[in-house]
Amino acid sequence: MSLLAPQLQALAELAAHDGHMTRAAAALGVPQSSMSRRIHALETDLRTPLLVHSGRTVRLTPAGEALAVRIREPLHELALAIDAVVGTGDGEHGTVRFGFPLTMGSGHLPDLLSAFRRAYPGITVTLKQGHGSELVRDLGTGALDLAVTIPPPERLPHTVIGSQEILAVLPRTHALAGAQRIRLARLRSETFIANPPDYHLRGTTERWCAAAGFTPEIAVEVTEFATIRELIARGLGVALLPHDDRAPSGVVEVPLAGEHRRAVALARATATLAPATRHLHDFVLSH
């Protein structure tokens, strides 16, 4: 293992950077030529092709992808063991790569991260905001250490930390804007604005509408939730979205009758956490 560790680390980084040799080399702090030599040496030692070269692009073979997944956890454990022996894993310093959903850019989560920064000034938290499947993928490749995900990931260690209510977001001039609560079926004739199909909230919207007896007419697809609200404020449609403190004055949020919530989880890339990552993990759970 000790002889193969640098080679395996190179493969793991290459997988984490989607086959981008230059970025993987930069992450390891080695020249690109060293990355290439390490991968080639690993292929020679294992007598198994791990990469496919196509022009300037590189991708992992199925064997390479399978090996990268299997070695990520042992390499992480090895790094933690070395940190413990040499005394660098004190947890008061270090970097944590943290992801969170597009729907949580305001409110409680930014406040929590600010409080964590005050409590642990020596820990750097690098942030990535993305939709659920992207965050889960980055956890799976090791590009993120922790992430708040909606819904909880099936194949990664996680803790459910709460739920997110989904509301009907309407133009302020809408006939139902003053309602205390509405049944989703009353929106069957409305034009909907939604995320692209690969977003979890899009699939959730379609399932809930189907359960209410109709297929939503989705006229516009938008990735950014703030843009969806701006379009609603201009009367271009309605949407199902979580609450946002920054919503424009031209929209109203009306609760839906029944249970319309999504589970929220704090997910981990690995079962064992580095000390700095453990501090952020426990801080989020306790708050």
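Residues numbered from 1 in each chain as written. Predicted model: local features only at pLDDT ≥ 70, side-chain atom pairs only at ≥ 80, totals over all residues. Heavy atoms only, no water.

A. Structural detail: the pairing of strand β7 (residues 191–194). Pairing analysis gives four bridges linking β7 to strand β8 (residues 217–221), with the strands arranged parallel. By the bridge assignment, Thr-191 is partnered in β8 with Glu-217. Handedness of the crossover joining β7 and β8 through helix α7 (residues 200–211): right-handed. (Pairing = 2+ DSSP bridges. Helix = DSSP H or I, 4+ residues; strand = E, 2+ residues; numbered from the N terminus. Right-handed = clockwise from strand over helix to strand, strands pointing away.)

B. Quick peek at the side chain of Asp-244. Assignment of secondary structure puts Asp-244 in the loop between β9 (239–242) and β10 (251–254). When sequence neighbours within four positions are dropped, the list of residues in contact with Asp-244 reads Ser-106, Arg-229 and Glu-253. (Contact = heavy atoms within 4.5 Å.)

C. The nonpolar core, seen in detail. Counting 30 residues, the largest nonpolar core has Leu-170, Leu-184, Leu-187 and Leu-240 as its most contacted members. Mapped by element, the contributors of at least two residues to this core are β6 (158–171), β7, α7, α8 (225–233), β9 and β10. Grouped together as the second largest cluster of nonpolar side chains are 20 residues, Leu-14, Leu-42, Leu-60 and Ile-71 included. (Core = buried A, V, L, I, M, F, W, Y, C linked by side-chain atoms within 4.5 Å. Buried < 20%, exposed > 50% of the residue type's maximum accessible area, 1.4 Å probe, protein only.)

D. A look at the environment of Arg-72. In this structure, Arg-72 sits in helix α4 (residues 62–86). Arg-72 gets classed as buried once you look at its relative accessible area, which sits at 18%. With 70 residues separating them along the chain, Arg-72 and Gly-142 place their C-alpha atoms 7.4 Å apart. A distance of 2.8 Å separates a polar atom in the side chain of Arg-72 from the backbone oxygen of Gly-140. Within polar-contact distance, the side chain of Arg-72 engages the backbone oxygen of Ala-269 at 3.2 Å. (Polar contact = N/O pair within 3.5 Å; in protein donor to acceptor, adjacent residues only side chain to side chain.)

E. Focus on the packing of helix α5 (residues 108–119) against helix α9 (residues 275–286). Contact geometry of α5 with α9 gives a least axis separation of 11 Å together with a crossing angle of 130 degrees. Judged by the inter-axis angle, α5 sits oblique to α9. The way α5 lies across α9 gives a crossing that is right-handed. Listed contacts from α9 to Leu-112, Leu-113, Ala-115, Phe-116 and Ala-119 of α5 are His-279, Leu-280, Phe-283 and Val-284. Taken together, the residues that form the contact of α5 with α9 break down as eight nonpolar, one polar and no charged. (Axes fitted to C-alpha atoms, helices over the stretch in contact; angles between N-to-C directions. Parallel < 35°, antiparallel > 145°, perpendicular 65-115°, else oblique. Left-handed = near helix turned anticlockwise from the far one by under 90°. Nonpolar A, V, L, I, M, F, W, Y, C, P; charged D, E, K, R; others polar.)

F. Just the pattern of salt bridges, in detail. Taken as a whole, this structure holds 12 salt bridges when the rule is applied. Its salt-bridge partner being Asp-145, residue Arg-97 comes within 2.8 Å of it at the nearest N-O pair. Of this pair, Arg-97 sits in strand β3 (residues 94–101) while Asp-145 sits in the loop between α6 (132–141) and β5 (146–149), and the two are 48 residues apart along the sequence. A relative accessible area of 31% means that Arg-97 is categorised as partly exposed. Assessed through its relative accessible area of 13%, Asp-145 is described here as buried. Linking Arg-246 and Asp-244 is a salt bridge whose minimum nitrogen-to-oxygen distance equals 3.3 Å. Owing to a relative accessible area of 55%, Arg-246 belongs among the exposed residues under this scheme. What emerges from the salt-bridge pattern is a single network uniting Lys-128, Glu-134, Arg-137 and Asp-138. (Salt bridge = Lys/Arg side-chain N within 4 Å of Asp/Glu carboxyl O.)

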